[in-house]
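Next come the chains, spelled out residue by residue.
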Amino acid sequence: LYGDTILMRVASEISWMFRGTDVTSRIGGDEFLVFMNNIPDRSLVENRCAALIGTIQSICREYLKNSDFTCSVGVALAPYHGENYKTLLQNADRALYHAKQMGKNRYAIYDSSVSGNVIATMVNRRIDSDKDMGLAGNNLSHYVFNRLYESGDFEGTINSLIEIVGRQLNVSR
């Protein structure tokens with residue numbers, strides 16, 4: 001329960017750190033995903049990554065006194081690092097592993113010349129702590145992020161996705 005409390009606090013902070021049009025999600029265990037649409041420039045992403053690492057470190061210091069903890073972030077930018085959800089997620093994961101190899105507590109933006117050295121990543125592997133895969137087990141999360149990536153009408157897509165999720169969970173908006 002203690003770990004869940006920390007993860008909920010991190011999730012809450014992540015949702016406040018990003019724009020209202022950004023989509024944040026916990027994809028399993030202690031891994032989170034952020035989809036940012038219409039990024040004006042790369043510096044916005046870099047600033048958010050640095051702030052995210054600092055925020056998570058602060059939360060962990062508060063809850064995990066005298067414990068070692070690290071936070072690493074991997075980034076893939078469309079269309080430079082992929083043109084579909086799966087490729088972008090894999091390249092972000094490669095960048096994440098590169099950040100970990102470089103000493104953790106940092107972010108890395110995907111670079112094919114550097115990230116090619118990462119042999120295996122955790123993308124598409126089940127995380128043991130996630131006994132109930134919920135909607136993600138039905139590939140809904142992949143569908144959602146693909147729809148968001150391909151969308152020309154971000155707000156309309158969000159509304160249609162809310163309807164789909166509502167039907168799947170048998171709840172109204």
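Quantities reported herein were computed from a predicted structural model and do not represent experimental measurements.

Caption draft 1: Broad picture of the packing of aromatic side chains. As enumerated under the stated definition, the model contains zero aromatic pairs in all. For the cation-ring pair, Lys 100 lies above Tyr 97, with the distance from its terminal atom to the ring centre recorded as 5.0 Å.

Caption draft 2: View of the pattern of salt bridges. Scanning the model with the defined rule gives four salt bridges in all. With a closest N to O distance of 2.7 Å, Asp 22 and Arg 19 form a salt bridge. Overall, the relative accessible area of 24% leaves Arg 19 in the partly exposed class. Across the pair Glu 46 and Arg 42 runs a salt bridge, and its minimum N-O distance is 3.1 Å. A residue pair is termed a helical-turn pair when its members lie 3 or 4 positions apart in one helix, as Glu 46 and Arg 42 do in helix α2 (residues 42–63) at four residues.

Caption draft 3: Looking closely at the confidence of the model for the chain. Of the residues in the chain, 79% reach a pLDDT of 70 or more, and the chain-wide mean stands at 78. Per-element mean pLDDT across the chain ranges from 72 in helix α5 (residues 140–150) up to 92 in strand β4 (residues 106–109). Counted against residues more than four places away or in other chains, residues 119–137, with its pLDDT under 50, gives 28 contacts.

Caption draft 4: Up close: the environment of Gln 101. Along the chain, Gln 101 falls in helix α3 (residues 85–101). Given a relative accessible area of 53%, Gln 101 falls into the exposed group. For the pair Gln 101 and Ser 72, spaced 29 residues apart in sequence, the C-alpha separation works out to 9.9 Å.

Caption draft 5: View of α3. Helix length check: α3 (17 residues) gives 24 Å between terminal C-alpha atoms against 24 Å at 1.5 Å per residue, within 8%. Those residues of α3 that sit buried are Tyr 85, Leu 88, Leu 89, Asn 91, Ala 92, Asp 93, Ala 95, Leu 96, Tyr 97, His 98 and Ala 99. Between a side-chain oxygen at the N-terminus of α3 and the backbone nitrogen of Lys 86 the separation is 3.2 Å; the capping residue is Asn 84. Positioned one or two residues after α3, Gly 103 has a phi angle of 120°, which is positive.

Caption draft 6: Examining unusual backbone geometry more closely. Residues Ala 78 and Pro 79 are joined by a peptide bond in cis, for which omega reads 0°. Mapped onto the fold, Pro 79 is located in the loop between β3 (72–75) and α3. Although it is not a glycine, Asn 38 adopts a positive phi angle of roughly 55°. Topologically, Asn 38 is positioned in the loop between β2 (31–35) and α2.

Caption draft 7: Spotlight on the nonpolar core. Among the nonpolar cores identified, the biggest contains 20 residues, and Val 10, Val 45, Leu 52, Ile 56, Val 73 and Val 75 are the most heavily contacted of them. Among the elements of the structure, α1 (2–17), α2 and β3 are those that each provide at least two residues to this core. Sort the elements by how many residues they give to this core and α2 lands first, with eight residues. Not counting chain neighbours up to four residues away, the residues in contact with Ile 56 comprise Val 10 and Cys 71. Membership of the second largest hydrophobic core comes to 10 residues, among which are Leu 33, Phe 35, Val 144 and Leu 148.

Parameters and conventions
Once a new chain begins, its residue numbering starts again from 1 and follows that chain's sequence as written. In keeping with the model being predicted, local features are shown solely for residues with a pLDDT of at least 70 and side-chain atom pairs are shown and tallied solely at 80 or more, while totals for entire chains, interfaces and linings include all residues. With hydrogens and water stripped out, all remaining heavy atoms of the structure feed into the side-chain values. For Phe, Tyr and Trp, rings pair up if their centres lie within 6.5 Å, where Trp contributes its six-membered ring, and each pair is then called stacked (planes under 30 degrees apart), edge-to-face (over 60) or tilted (otherwise). A positively charged side chain is recorded as over a ring if its NZ (Lys) or CZ (Arg) lies within 6 Å of the ring centre. The angle to the ring normal must also be within 35 degrees. Whenever a carboxyl oxygen of Asp or Glu lies within 4 Å of a side-chain nitrogen of Lys or Arg, that contact is scored as a salt bridge. Relative accessible area decides the class of each residue, using a 1.4 Å probe on protein chains only: under 20% of the type maximum gives buried, over 50% gives exposed, and in between gives partly exposed. Runs of H or I in DSSP of at least four residues are treated as helices and runs of E of at least two as strands, each being numbered from the N terminus. How sure the predictor is of each residue is captured by pLDDT, a score from 0 to 100. Pairs of residues are marked as contacts when any of their non-hydrogen atoms sit within 4.5 Å. Multiply 1.5 Å by the residue count of a helix minus one, and that product is the helix's expected span. In protein, a polar contact requires one atom able to donate a hydrogen and another able to accept it; more generally it is a pair of N or O atoms within 3.5 Å, and residues adjacent in sequence count only if both atoms are side-chain atoms. Only buried residues count toward a nonpolar core. Its members are Ala, Val, Leu, Ile, Met, Phe, Trp, Tyr and Cys residues joined through side-chain atoms within 4.5 Å.

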